[in-house]
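# Remarks on the overall topology
Each chain is listed here by its residues.
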Number of protein chains: 2
Amino acid sequence: MDLQALVDAASTRDWDTDPEGTVSLAVVGLGNYARNVSIPAIEGGDYATVGAVVSGDPEKAERVATEHDAAALTYEGYAEGEAVDAYDAAYVATPNRLHLDGIRTAADQGKHVICEKPLEATPERAAAAVDACDDAGVTLMTAYRMQADPVIRALGSFVSAGRIGQPTKAMGEFTFPVLAGSKGPDQWRLDAELAGGGALVDVGVYPLNTARYLLGSDPVAVDATARASEPFGDRPDDPESPRLADEHVHFLAEFPEGTTGEFTASFSGDADSWLELVGESGRIRIENAFVPNGERTVRVSTDAGDVTLSGIGADETVEEFDYFAHCVLTGTPPEPDGRDGLTDVAVMDAVYEAAATGRRTDASRR
Amino acid sequence: MDLQALVDAASTRDWDTDPEGTVSLAVVGLGNYARNVSIPAIEGGDYATVGAVVSGDPEKAERVATEHDAAALTYEGYAEGEAVDAYDAAYVATPNRLHLDGIRTAADQGKHVICEKPLEATPERAAAAVDACDDAGVTLMTAYRMQADPVIRALGSFVSAGRIGQPTKAMGEFTFPVLAGSKGPDQWRLDAELAGGGALVDVGVYPLNTARYLLGSDPVAVDATARASEPFGDRPDDPESPRLADEHVHFLAEFPEGTTGEFTASFSGDADSWLELVGESGRIRIENAFVPNGERTVRVSTDAGDVTLSGIGADETVEEFDYFAHCVLTGTPPEPDGRDGLTDVAVMDAVYEAAATGRRTDASRR
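The residue numbers shown here count from 1 along each chain, following its written sequence. Here chains are named by letter from A upward and ligands by number from 1 upward, in the order in which they appear as written. Local features in this predicted model are restricted to residues of pLDDT 70 or higher, and side-chain atom pairs are both shown and tallied only at a pLDDT of 80 or more, whereas totals for entire chains, interfaces and linings draw on every residue.

## Some details on the relation of the copies chain A and chain B
Under the convention used in this document: What sets the superposition is a least-squares fit of C-alpha atoms, and only residues with pLDDT of at least 70 in both copies go into it.
Least-squares fitting of chain A to chain B yields an RMSD of 0.0 Å, with the transformation described by 0.0 Å of translation along the axis and a rotation of 180 degrees. One copy is carried onto the other by what is essentially a two-fold rotation axis. Taking the C-alpha atom as reference, chain A places A:Arg359 closest to the rotation axis, 2.2 Å from it.

This is the structure:
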């Protein structure tokens, strides 16, 4: 793959076999991201549709269902299979610690699953989600939209073809000032218990997973430091009040081939996101990397020349749902499968342990 | 300091009082950097001149001395004060583990000292260098050229004035492919014993020191990982053959105010250097940061607007020697003094310990 091939690949689906049919999804959880990013992306693509919506708020479920000509379900109705014929698969977008419940329900119904990242709040629960889908013989995809972006996929092929030489380091940041956002401190992402962590699991997973994808390799050990905020929210003195885990996290990750990664994520501070991969003979820098539908700029420098990619690619969230539906329609296992999601949950668990103990921590599957 | 004041300050010396006179330097060590970067910078400025040159190679000393109308000395001649009236101060540019000898000789002669970074190979030897100059009542400056660059100095004022808010993180890289250079594996920088380390002490000290300067703060703890190369050179099986320490180093640094730094340095891989400082309400990115006389670009984004600085500033090596000479002429203590150099040597010692033990390591002065 030369530079021209990279540019060409960056705006091409490398997986689309133009199958017949569509996959109808039950959208499980109607938070801001599901309503404003995911549902429009599902409806904007070729192979997926919204067949049902599930919310704890029956009025919200009705309103969204009406807008999209879908069935409205409560969580109880979903668990009881109330509109089971209205969907072929579930898109699980609940708070992280509730993913397993949503996945188990779908697997028990013989439905395929695409689940938001991180796959679950702990490695044990993520492993249980993988097992549930394996046992039921249904597809489980972790919703890593970066892996569906043709630009990122093209870069993965470019790196594995050796165009930047042996990778020496990966570096990345995702700072997303949730704490300064309009939703304030009341959202579940800031509740360590429901989220299974803080900035690491919500935004740090992006540079981690994307680096793993581009390197084709998983960390074996991590060193880390994290800063936890004081209790926050309306009732800071109430021990029952939600606690924020890491507001800022920094970690070093050692990959088996000798590549080292360093990554940081924050819930406060100047917003930006980027990923950089350095090789013996080249470098890739992705600017504005992880914001949904962000205008990415990719700078590639190699022995054979430099190229800058900008204003190309596709809406990676549309790609993500179409890719999942395509996998279901064709019986193809998705690349970001449940085990991919489990690996990140396990690595992030090791990051928290390293931050807490101040010791380099084994990050192999636990 | 607003954005306009930042732009104005970035091309202005904030220390020059236009004193009378010049300071004559003995250049101790005539390696590539001293001959091709430092001597032209000394001669290109206003307040310093070359009065003597010292080399283990008498022929080289004679040749360089003739070119610059200076006294030629061997190390023995320098130690014996052979041309002691030809210089007011010593610029020590020997291999790191020989700095203390060069500094002690100067201090014993009552001469001021500017010493290349890192100040020495170990904290103990760096502390001895500081003590020697304190006892003799002479000035000791660590030759951190970044701290003499008006752009960097202006950024320091900008940060301390709170223009990016409370700093949350500092990030930086210096990859300088010494291993691929024309000097090959035979130079002392690759000899762990003579250099006191590898990529960390030679190039990693730049992002570390510059971050410390911009933050006005020193790390209290570090986590680190480093990769050591196999024995190299002409006689890899010879136990007497020089050994390379870290070819790649990555470390996390915790600062007392809650800022966290992550830094990496390499002796191989695609060459680049940059530093980024993130605050609660702004961000500074310095591109092409640490190459001598590199064309830097500085991107500053704040609540009050953004500015990009490029094509401005000064030759920071000229600034460095003029700043040192100005300190000597005016009796002013230099900002990058011996203790500043000692702090970095101590932090880097902690980084090596953290890398070796896999444990978070106290980085306070040891």
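## Remarks on helix 3 (residues 58–68) of chain A
All names here are of chain A. Which entries qualify depends on this criterion: Whether a residue is buried, exposed or partly exposed is read from the other C-beta atoms within 10 Å of its own C-beta, which are placed from the backbone; 20 or more gives buried, 12 or fewer gives exposed, and intermediate counts give partly exposed. In this text, helices come from DSSP runs of H or I with a minimum length of four residues, and strands from runs of E with a minimum of two, each type numbered from the N-terminal end. It is the directions from the helix axis to the C-beta atoms that the arc portrays. Remark: residues whose backbone-derived C-beta atoms lie within 7 Å of one another are considered to be in contact.
Every buried residue of helix 3 is listed here: Ala61, Val64 and Ala65. Each buried residue of helix 3 lies within a common arc of 105 degrees when the element is viewed along its axis, so the set occupies one face. Across from the buried face of helix 3, at angles greater than 90 degrees, the exposed residues are Glu59, Thr66 and Glu67. In the core, the buried residues of helix 3 are packed alongside helix 2 (32–44), strand 2 (48–54) and strand 3 (71–73).

## Some words on the sheet that holds strand 2 (residues 48–54) of chain B
Two modes of strand pairing occur in sheets, parallel and antiparallel, and in both the strands are linked by backbone hydrogen bonds. Residue and element names in this part refer to chain B. Rules: Criterion used throughout: strands pair if DSSP finds at least two bridges between them. Inter-axis angles, ranging from 0 to 180 degrees, are taken between N-to-C directions of lines fitted to C-alpha atoms, where helices are fitted over the stretch in contact.
Read across the sheet, 6 strands follow the order 3-2-1-4-5-6 without closing on themselves; strand pairing throughout is parallel. Strands at the two margins of the open sheet, each flanked by one partner only, are strand 3 (71–73) and strand 6 (140–142). Strand-to-strand twist in this sheet, taken as the mean axis angle between neighbours without regard to direction, amounts to 25 degrees. With 3 bridges connecting them, strand 2 and strand 3 associate as parallel partners.

## Observations concerning the interface of chain A and chain B
Inclusion rule: Think of it as three bins: nonpolar holds Ala, Val, Leu, Ile, Met, Phe, Trp, Tyr, Cys and Pro, charged holds Asp, Glu, Lys and Arg, and polar takes everything else, Gly as well.
Every contact between the two is made by 31 residues of chain A and, on the other side, 31 residues of chain B. Here the residues of the side of chain A that touches chain B sort into 4 nonpolar, 16 polar and 11 charged.

## What about the domain arrangement of chain A?
In many analyses, interface size is given as the accessible surface area lost on bringing the parts together. Residues and elements named next belong to chain A. Note the cut-off: What fixes the domain bounds is an automatic or database domain assignment.
One can read the domain layout of chain A as domain 1 (15–145) and domain 2 (147–362). For domain 1 versus domain 2, the separation of C-alpha centres amounts to 23 Å. Contact residues are listed per partner, giving 42 residues for domain 1 and 41 residues for domain 2. Contributions of two or more residues to the side of domain 1 that touches domain 2 are made by helix 2, strand 5 (112–115), helix 6 (123–136) and strand 6 (140–142). In terms of residue count, helix 6 provides more of the side of domain 1 that touches domain 2 than any other element does, 6 residues in total.

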